[in-house]
Amino acid sequence: MVYLGSAATKFKKNKTGLVSLGYIVFCGFIAIFCYLFAPDHSSNANQMHIEIHSKPPGFTTKILHIPSQKTIEQSWLSKIFYGEKNSATEIPITSYSLTEKQLEYTQFSNHQTKQIPITAFEETPTSYIEDKTFWFGTDKYGRDLLSRLLIGTRISFFIGFVAVFISLIIGIPLGAIAGYFGGKIDTFIMWIINITWSIPTLLLVIAITLALGKGFWQVFIAVGLTMWVEVARVVRGQVITTKEQQYVEAAKALGFSDFRILFKHILPNIITPIIVISAANFAAAILIESGLSFLGIGAQPPTPSWGAIIKNHYNYIILGKPYLALLPGLAIMSLVMAFMLLGNAIRDTLDVKTT
């Protein structure tokens, strides 16, 4: 076993691993508290402004906030994690003027002049007007692209955790049992693994998603149920090699049960490849979810997803606004690369031969 102290010291020397870990922690923090950082605090950042659709990064305009007449009770904790359900209606304007009885403004789209009674506002009407900058521009529906990308981090990040957790829960016990007991048990489990392995991952995920229905958690479960075979194969191979070690024979001679030998003596000694395959599966889960969202069977609108954002804007690549599709693509690429590099760094750190 590699001592945790020496492993941590060695990991600190791996700059690539540290940067990757830092970026993953940063993305995880954004995924949890995305609504605190998103300029658009509405639920799913779904505040549409068709008048200012597909605007370039840095676009600035005046926004008039008209308070919502329908009030829904919402706790501050719900606002942090799910966004504001009582979001005001936002209207892009070019100019405004204030009289004693009404607020007069000029719409951004058709330059028509409209009026709103002052009584519609609880405070001074001018306090409901702000100069808003869309740092990443707006999408084809006029929504803030930066907010959609930040909230989309939650989908991509959490699907990795759920998929890896499901794959470990299923893959480790099946792989360990097959490798330790062998014989007919090994043959039966390997038969299941080979059948699952022979089906293309994307097609299997699509089939499971269609069976469970389209939605947020259905995709998480479907991806997890397709990734356990890799974990099972790795664990099986490691158990077959490790069970021949002398300490395992000594444990058998002492009369320890097979369950204790397998889960308290063998599995802790093969944790390194499991961690590495988990990091790879985390990255693969992000790619699969993005592919499903691109095909329209992943997270459903208006829930923001990086794959769905690419789907909505990939044709803009040839229309002179490629950033609408490239920005979510870069987000996917950077997070996947971070997990792959972190897996490599952990592998090098826990490798006994190089310690």
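Everything numeric here is computed off the predicted structure, so don't read it as measured data.

**Some remarks on the overall build of the protein**
The number of helices and strands found in the protein is 13 helices and five strands. On C-alpha atoms alone, the protein measures out to a radius of gyration of 26 Å, which is more than a quarter above the 20 Å that the 2.2 N^0.38 rule sets for 355 residues. For the protein, with 355 residues in total, the buried portion stands at 44%. Considering only intrachain contacts with a sequence separation of at least 6, the fraction spanning at least 24 residues in the protein is 72%. Accessible surface, the protein as shown: approximately 18,400 Å² in total, 64% of it carbon and sulfur. Side-chain charges of the protein comprise 28 positive and 21 negative groups, with the mean position of each set lying 9 Å from the other.

**Comments concerning the side chain of Ser54**
For Ser54, the position within the fold is in the loop between α3 (34-37) and β1 (59-66). Side-chain polar atoms of Ser54 contact the side chain of Tyr316, separated by 3.4 Å. Not counting the four nearest positions on each side in its chain, Ser54 is found in contact with Thr138, Asp139, Lys140, Tyr316, Lys321, Tyr323 and Leu324.

**Some remarks on the environment of Asn14**
Along the chain, Asn14 falls in the loop between α1 (4-12) and α2 (15-32). Sequence spacing of Asn14 and Ile166 is 152 residues, and the spatial spacing of their C-alpha atoms is 30 Å. Among the polar contacts made by the side chain of Asn14, one reaches the main-chain amide nitrogen of Gly17 at a distance of 2.9 Å.

**Brief notes about the pairing of strand β2 (residues 89-98)**
Note that β1 and β2 share five bridges and pair antiparallel. When the bridges of β2 are listed, Leu64 appears paired with Ile91. In terms of strand pairing, β2 meets strand β3 (residues 102-107) through five bridges, oriented antiparallel. Bridge assignment links Ser97 to a residue of β3, and that residue is Glu104.

**Focus on the pattern of salt bridges**
Taken as a whole and judged by the stated rule, the model has five salt bridges. The closest approach of N and O atoms between Arg143 and Asp139, which form a salt bridge, is 3.0 Å. Taking the relative accessible area as the measure of exposure, Arg143 reaches 5% and is therefore buried. By relative accessible area, which is 2% here, Asp139 ends up buried.

**Quick notes on the packing of aromatic side chains**
One pair of aromatic rings is described through two measures. These are the centre distance and the angle between the planes. All chains considered together, the criterion is met by 14 aromatic pairs. Centroid distance Phe282 to Phe339: 3.9 Å. Interplanar angle 15°. Geometry classified as stacked. Taken together, the positions of Phe282 in helix α11 (residues 271-295) and Phe339 in helix α13 (residues 323-350) put the pair 57 residues apart, joining distant regions of the chain. For Phe339, a relative accessible area of 6% puts it in the buried group. One aromatic cluster in this structure is built from Phe29, Phe33, Phe37 and Phe81. Over the ring of Trp197 we find Arg233, and its NZ or CZ is 4.7 Å from the ring centre.

Parameters at a glance
Residues numbered from 1 in each chain as written. Predicted model: local features only at pLDDT ≥ 70, side-chain atom pairs only at ≥ 80, totals over all residues. Heavy atoms only, no water. Helix = DSSP H or I, 4+ residues; strand = E, 2+ residues; numbered from the N terminus. Rg over C-alpha atoms; globule rule 2.2 N^0.38 Å. Buried < 20%, exposed > 50% of the residue type's maximum accessible area, 1.4 Å probe, protein only. Contact = heavy atoms within 4.5 Å. Areas by Shrake-Rupley, 256 points an atom, 1.4 Å probe, with all protein chains shown as cover. Lys, Arg positive; Asp, Glu negative; His and termini not counted. Charge placed at Lys NZ, Arg CZ, Asp CG, Glu CD. Polar contact = N/O pair within 3.5 Å; in protein donor to acceptor, adjacent residues only side chain to side chain. Pairing = 2+ DSSP bridges. Salt bridge = Lys/Arg side-chain N within 4 Å of Asp/Glu carboxyl O. Phe/Tyr/Trp six-rings, centres within 6.5 Å; stacked < 30°, edge-to-face > 60°. Lys NZ or Arg CZ within 6 Å of the ring centre and 35° of its normal.

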